[in-house]
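This is what each chain is made of:
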Amino acid sequence: MTKIKSLFISLVLTLGVSTAIAGSHGSTLDLVKERGKLMCGSNTGLAGFGAPNDAGVWEGIDVDVCRAVAAAVFGDASKVEYVPVTTKVRFTVLQSGEVDLLSRNTTWTLSRDVDLGLEFVGVNYYDGQGFMVPAALGVSSATELDGASVCIQVGTTTEMNLADYFKANGMSYESVPVETNAEADAAYIAGRCDVYTTDASGLYSSRAGYADPSAHVVLPEIISKEPLGPAVRHGDHEWGDIVRWSLNAMIIGEELGITSDNVEEMKSSKNPEVLRLLGVEPGYGAYLGLDNEWAVNILSQVGNYSESFEKHIGPNTPINIQRGLNALYKDGGILYAPPFR
Amino acid sequence: MSANFIRRILFDEKSRSILIQALVIGIFAVFIYLLVQQTAANLERRGISSGFDFLGMGAGYDISIRLIPFTSEDTHLRAYFVGLLNTLMIAICGCFLATILGFLVGVIRLSSNWLFRNIAYVYVEFTRNVPVLLQIVLYYSILLHLPKIKQAIVLFDTFYLTNRGLFSPLPIFKDGFVIVLGSFFVAIVVSFFVKRYLKKKQENFGKQYPIFLINSAIIIFTPLSFYYLMGMPIEFEQPVLKGFNFKGGMVIRPEFIGMLLGLSIYTAAFISETVRSGIVSVSKGQREASQALGLKSNFIMKLIIIPQALRVIIPPLTSQYLNLTKNSSLGIAIGYADLVHGFGGISLNQTGRAIEIMLMVMLTYLTISLIISLFMNLYNKSVQFKGNA
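Residues numbered from 1 in each chain as written. Chains lettered and ligands numbered in written order. Predicted model: local features only at pLDDT ≥ 70, side-chain atom pairs only at ≥ 80, totals over all residues.

Of regular secondary structure, chain A possesses 14 helices and 14 strands. Taking the principal axes of its C-alpha atoms as reference, chain A extends roughly 75 × 75 × 40 Å. The buried share of chain A, reckoned over its 341 residues, is 48%. (Helix = DSSP H or I, 4+ residues; strand = E, 2+ residues; numbered from the N terminus. Buried ≥ 20, exposed ≤ 12 C-beta atoms within 10 Å, placed from the backbone.)

Written out as structure tokens, the structure is:
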């Protein structure tokens, strides 16, 4: 009899557990606040975008988006736990709720936005796919690459762009698929492939780490649009808004000339948009479910977009990338945030 | 009646155990049903598409290591078959090489030569105790440090060894080759009958014939003479260094070689232990008795020891084959385009159908494993004792 009884108990328990699993979903903001830190999916290591520095602290412009969100939510940009994810698992990790936010040079495409149940909330770097070759090969254009072996990271839009580009130009190639950026570097340096292709930003970042960066050239052709940006799960729009406007606050900060150094002085500015952004004129934080100081925290602790760019990937860093497309719309780029009102 | 019926079920040991087993199966079925239901509901709530319609859509990526033609316009389903064939290729080549190497090392470990015996011992202990993934990565890294494409090592003026693989001439079969191929199969059939005839003759008259030599001659020289008779209907296309790479010919990629070395060297260590234990399991008396009969030592091995050792060797050998096949999924570590890497990796990423694709890949491995088991069990039956001896 006891046997039968215990069987029934286990049956009831099983049913209970599965309904409990089904029922557990609340707002991401509440979840993050309750946890006391932000879980942020980041690159496994891409210098300038998301990588730990010598002291083991995560740095980069993608990392700064995570820090901005943490600053907005907690008032403390350091309350982030970084979860390094490969290109392959990044979406699954986000979908399953293991991270609250994915900020790791991920291209915004229709199928990812719609079919994978994700929500891209903005663009923090306008990129495009490029090619890098050893200077010794004497290649000056991607159209001369017929028959080359090409190293490529699997599970990326890069793969499909590459197939399309070579097909469109009537060229053949051997694809050498690798799993991570580091493996691609190793295979490329060993000469397993002639060409390394990925987003141009990734090429610059990789090149900066080579023994002799000047022995490698990035070819002029950019074969795709790669708007890289942070993504959240589809369905929780309040959370999506917080991430979107955290990023926008950094861009608007640059537009209005607010930096981490002058943010306190700017509070006495005459410009009404500055006053709205910095919470002097209250109300806008409450729309997002945050306090009035949220943007001040972002700008004082993380800085505006330009500060983040110059610090991690700008011309004065080993990565050495010009602002180009990523300059403000006023300065000839396409970086543009909706107005803060 | 009903109270009586329930009493009978609960207190009769046999019907009670049936009831309990039925209940357990029932609960398990309900659990699986709820799990599937729940997953489907969760996917839908999160706005993630599901289903198998993606199989018919264009894959959009290229695979370089392939046995059948594949371009980026082909479907994900075709990518699945490309991956499946690559998995089968590495599994078959790996099992073949591991068996040969394993038998060799197993026999050497029992050799009376101190040096050989101990070299084999060190080999087995080393490879058996290091994770196979590390070994695969090690061999691949070594292969990557072969000369670059422009400094290829040339072997016999026809083969080129580089860190992009071994380039060799590609045979092109012209008309008339079918006849050569046909003569080869006819030769095999003929040799089978020759063997039966000579065996019978040996049983009747006691004279031994060099059956192996005779049959080898038949199988080699028949197609060879037809080959010349038909005016040599095979041409070879030489690989030529042009631009970035060799054009023409065929190539064995370092990813494949790395996998093959890693899997077969690792598995061979286990097989050698199996072989050794099989040989040791044959009682000493058998060897002594055959020596007393005056059999030569290679006949003792071939006729007395091996047939008895096989009975012990085959079952564990089967599980080594299964291990090797499953370990081939590690190809992902070095970019070998097997089932897990191509279809289970790239297609999964492009379509986001993780559950569907993983189910397909798992079922495929299950099927391959069951087929291997089936054949090995049939073979095992054929080497076991016949009758009630």
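To continue, consider the overall build of chain B. A count of helices and strands for chain B gives 12 helices and eight strands. At 28 Å, chain B has a C-alpha radius of gyration far larger than the 21 Å of a compact globule built from 389 residues. Long-range pairs, those at least 24 residues apart, make up 66% of the contacts in chain B with a sequence separation of at least 6. (Rg over C-alpha atoms; globule rule 2.2 N^0.38 Å. Contact = placed C-beta atoms within 7 Å.)

Another aspect to go through is the packing of helix α3 (residues 61-74) of chain A against helix α13 (residues 294-301) of chain A. Residue and element names in this part refer to chain A. At a minimum axis separation of 7 Å, α3 and α13 run at an interaxial angle of 140 degrees. Considering the angle they form, α3 stands oblique to α13. α3 and α13 meet at a crossing whose hand is right-handed. For the pair formed by α3 and α13, the contact residues are Ala68, Ala71 and Ala72 on the first element and Trp294, Asn297, Ile298 and Gln301 on the second. Taken together, the residues that form the contact of α3 with α13 break down as five nonpolar, two polar and no charged. (Axes fitted to C-alpha atoms, helices over the stretch in contact; angles between N-to-C directions. Parallel < 35°, antiparallel > 145°, perpendicular 65-115°, else oblique. Left-handed = near helix turned anticlockwise from the far one by under 90°. Nonpolar A, V, L, I, M, F, W, Y, C, P; charged D, E, K, R; others polar.)

All names here are of chain A. Taking strand neighbours across the sheet as the criterion, the five strands line up as β10-β9-β11-β8-β12 in an open arrangement whose pairing is mixed. The open sheet is flanked by β10 (173-178) and β12 (216-218), the only strands paired with a single partner. With strand direction ignored, the average angle separating the axes of adjacent strands in the sheet is 30 degrees. When strand β8 (residues 129-134) meets β12, the two strands line up antiparallel, connected through three bridges. If you follow Met132 over to β12, its bridge partner there is Val218. Set on the sheet, helix α6 (residues 157-168) makes contact with β8, β9 (148-153), β10 and β11 (195-199); between it and β9 the angle comes to about 155 degrees. In this fold helix α8 (residues 200-208) packs onto β8, β11 and β12, with an angle of close to 125 degrees to the strand it touches most, β11. (Pairing = 2+ DSSP bridges.)

Take the domain arrangement of chain A next. All names here are of chain A. Domains assigned within chain A are domain 1 (28-126 + 228-331) and domain 2 (129-224). Once you take the C-alpha centre of each, domain 1 and domain 2 turn out to be 29 Å apart. Between domain 1 and domain 2, the residue contacts involve 17 residues of the former and 16 residues of the latter. Residues that form the side of domain 1 that touches domain 2 fall into these classes: seven nonpolar, nine polar and one charged. (Domains from an automatic or database assignment.)

What follows is about the interface of chain B and chain A. The interface of chain B with chain A comprises 34 residues on the first partner and 38 residues on the second. Among the elements that take part in the side of chain B that touches chain A, helix α2 (residues 13-45) of chain B stands out by supplying six residues, more than any other. Classifying every residue of the side of chain B that touches chain A by side-chain character gives 14 nonpolar, 14 polar and six charged.

All right, on to the confidence of the model for chain A then. On average, residues of chain A score 86 in pLDDT, and 92% of them are at 70 or above. Across residues 6-24 of chain A, where pLDDT falls below 50, the model places eight contacts with residues more than four positions away in sequence or in other chains. (pLDDT = per-residue confidence, 0-100.)

In this section: helix α7 (residues 181-190) of chain A. Along α7 of chain A, the residues that are buried comprise Asn181, Ala184, Ala187 and Tyr188 of chain A. End-on view of α7 of chain A: buried residues confined to an arc of 125 degrees, all on one side of the axis. Where the residues of α7 of chain A are buried, they touch β9, β10, β11 and α8 of chain A together with α5 (132-144) of chain B. Immediately downstream of α7 of chain A, the backbone of Gly191 of chain A shows phi near 85 degrees, a positive value. (Arc of directions from axis to C-beta.)

Another point: unusual backbone geometry. Residue and element names in this part refer to chain A. Non-glycine residue Asn105 carries a positive phi angle of around 25 degrees. Within the fold, Asn105 resides in the loop between β5 (101-102) and α5 (110-114). With phi around 55 degrees, Asn320 is a residue other than glycine that occupies positive phi space. For Asn320, a count of 15 C-beta atoms within 10 Å gives the class partly exposed.

For the rest of this paragraph, the subject is the packing of helix α3 (residues 76-108) of chain B against helix α8 (residues 254-281) of chain B. The description of two packed helices rests on the angle between their axes and on the distance between the axes. Residue and element names in this part refer to chain B. One way to put it is that α3 packs onto α8 with a least axis distance of 6 Å and a crossing angle of 40 degrees. Considering their axes alone, α3 and α8 lie oblique with respect to each other. When the axes of α3 and α8 are compared, the crossing they make is right-handed. Residues Ile90, Cys93, Gly94, Leu97, Ala98, Thr99, Leu101, Gly102, Phe103, Val105, Gly106 and Val107 of α3 form the contact with α8, whose own contacting residues are Phe256, Met259, Leu260, Leu263, Ser264, Thr267, Ala268, Ile271, Ser272, Val275, Arg276 and Ile279. Classifying every residue of the contact of α3 with α8 by side-chain character gives 16 nonpolar, seven polar and one charged.

Another point: the sheet that holds strand β1 (residues 153-155) of chain B. All names here are of chain B. Strand order in the open sheet made by the four strands is β1-β2-β3-β8, with antiparallel pairing throughout. Sheet topology places β1 and β8 (250-252) at the edges, where each strand pairs with a single neighbour. Shown here is a sheet whose adjacent strand axes are inclined to one another by a mean of 25 degrees, direction ignored. As paired strands, strand β3 (residues 165-168) and β8 are joined by three bridges and run antiparallel to one another. Counterpart to Phe167 in the pairing with β8 is Val251.

Turning our attention to the pairing of β10 of chain A. All names here are of chain A. Among the six residues that make up β10, six are buried, leaving the element largely enclosed by the rest of the structure. As defined by bridge partners, β9 adjoins β10 across six bridges and the pair is classed as parallel. Directly across from Ile152, in β10, lies its bridge partner Pro177.

With that settled, the discussion passes to the environment of Gln202 of chain B. Its place among the elements puts Gln202 of chain B in helix α6 (residues 177-205). Not counting residues within four places of it along the chain, the set of residues in contact with Gln202 of chain B comprises Lys207, Gln208 and Tyr209 of chain B.

This part covers the domain arrangement of chain B. Here the domain parsing of chain B yields domain 1 (2-45), domain 2 (76-166 + 251-383) and domain 3 (170-237). Relative placement of domain 1 of chain B and domain 3 of chain B: their C-alpha centres are 62 Å apart.

Attention now moves to the nonpolar core. Val69, Cys151, Val195 and Ile298 of chain A are the most contacted members of the largest nonpolar core, which has 144 residues in total. Per element, the largest residue contribution to this core is 12 residues, and it comes from α8 of chain B. If we skip the residues at most four places from it in the chain, Ile298 of chain A touches Ala68, Ala71, Ala72, Ser246, Ala249 and Met250 of chain A. (Core = buried A, V, L, I, M, F, W, Y, C linked by C-beta atoms within 7 Å.)

Residues and elements named next belong to chain B. Pairing of strand β2 (residues 159-162) with β3, which is carried by three bridges, proceeds in the antiparallel orientation. Looking at the pairing, Leu161 lines up with Leu166 of β3. Turn length for the β2-β3 hairpin, with the two strands adjacent in sequence and antiparallel, is two residues.

Moving on, we come to the environment of Ile279 of chain B. All names here are of chain B. Mapped onto the elements of the fold, Ile279 is located in helix α8. Residues Ile279 and Ser15, 264 residues apart in the sequence, show an inter-C-alpha distance of 48 Å. Here Ile279 is in contact with Gly106, Leu110, Ile305 and Ala309, once residues within four sequence places are set aside.

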